[in-house]
Amino acid sequence: MVEGGADAASRLNGEGMIMDLKVEVASYRIEGLGNMGSDGYFRNHGVIFFNATSGGVFDQLSSTVGVFANEVNQKGNAVTKIWDLK
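Residues numbered from 1 in each chain as written. Predicted model: local features only at pLDDT ≥ 70, side-chain atom pairs only at ≥ 80, totals over all residues. Heavy atoms only, no water.

Trainee: How should I be thinking about the overall build of the protein chain in this particular structure?
Mentor: Counting its secondary structure elements, the protein chain contains 0 helices and 6 strands. Helices and strands appear in the protein chain in the N-to-C order β-β-β-β-β-β. In terms of its C-alpha atoms, the protein chain occupies a principal-axis envelope of roughly 45 × 25 × 20 Å. Looking at the protein chain residue by residue over its 86 residues, the buried ones come to 23%. Within the protein chain, residue pairs in contact and separated by at least 24 positions form 28% of the contacts whose partners lie at least 6 positions apart. Split by element, the accessible area of the protein chain, about 6,100 Å² in all, is 54% carbon and sulfur. A distance of 4 Å separates the average location of the 7 positive side-chain charges in the protein chain from that of its 10 negative side-chain charges. (Helix = DSSP H or I, 4+ residues; strand = E, 2+ residues; numbered from the N terminus. Buried < 20%, exposed > 50% of the residue type's maximum accessible area, 1.4 Å probe, protein only. Contact = heavy atoms within 4.5 Å. Areas by Shrake-Rupley, 256 points an atom, 1.4 Å probe, with all protein chains shown as cover. Lys, Arg positive; Asp, Glu negative; His and termini not counted. Charge placed at Lys NZ, Arg CZ, Asp CG, Glu CD.)

Right, dumping it as structure tokens:
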């Protein structure tokens, strides 16, 4: 979900899943802020909370908190970087 108007910071929150070919799953929740740049790119940053099933391929993500930076171009292509907070 994105909230905000033109020329204003947008508040973001959402949920998602990461799945491998063996159907093992990690879930995540994000909270962040972003805005549209004069170059037409939407940039946002915030916090991401992971959770995963114990013993699976994503076990290392269980209870992990990170910070992220995301950039989305005019075509909807995104690049996201996540740093693990330890």
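Now, onward.
Trainee: Which parts of the structure should I look at to understand the pattern of salt bridges?
Mentor: If the charged atoms of two oppositely charged side chains come close together, the side chains can form a pair. In the structure shown here, the tally under the stated rule is 5 salt bridges. Among the ionic pairs, Arg11 bridges to Glu31, the shortest N-O distance being 3.3 Å. Of the two residues, Arg11 is situated in strand E2 (residues 10–19) and Glu31 in strand E3 (residues 25–36); the sequence distance between them amounts to 20 residues. Using a relative accessible area of 43% as the deciding quantity, one classes Arg11 as partly exposed. (Salt bridge = Lys/Arg side-chain N within 4 Å of Asp/Glu carboxyl O.)

Trainee: What exactly am I supposed to notice about the pairing of strand E6 (residues 78–84) here?
Mentor: Side-chain positions along a regular strand alternate between the two faces of the sheet. Alignment of strand E5 (residues 65–72) against E6, held across 7 bridges, turns out to be antiparallel. Paired with Phe68 across the two strands is Ile82, which belongs to E6. Where E5 folds back on E6, the antiparallel hairpin that results is connected by 5 residues, among which Gly76 adopts a positive phi of roughly 90 degrees. (Pairing = 2+ DSSP bridges.)

Trainee: Looking at this structure, how should I read the confidence of the model for the protein chain?
Mentor: A low pLDDT score tells you not to read the predicted coordinates there in detail. Averaged over all residues, the pLDDT of the protein chain is 89; the fraction at 70 or higher stands at 92%. Per-element mean pLDDT across the protein chain ranges from 54 in strand E1 (residues 2–3) up to 96 in E5. (pLDDT = per-residue confidence, 0-100.)

Trainee: Whenever I open this one, the pairing of E5 confuses me. Can you help?
Mentor: The alternating pattern of E5 places Gly66, Phe68, Asn70 and Val72 on a buried face and Val65, Val67, Ala69 and Glu71 on a face that is not buried. Relative to E5, strand E4 (residues 42–52) runs antiparallel, the two sharing 8 bridges. Following the sheet pairing, Gly46 is matched in E5 by Phe68.

Trainee: So what exactly am I meant to see when it comes to the nonpolar core here?
Mentor: For soluble globular proteins, nonpolar side chains are generally found buried alongside one another. If you look at the biggest cluster of nonpolar residues, it comprises 7 residues: Ala26, Ile48, Phe50, Ala52, Phe58, Leu61 and Phe68. The greatest single-element share of this core, amounting to 3 residues, is contributed by E4. Ignoring sequence-local partners within four residues, the contact set of Ala52 consists of Val25, Ala26, Phe58, Asp59 and Ser62. (Core = buried A, V, L, I, M, F, W, Y, C linked by side-chain atoms within 4.5 Å.)

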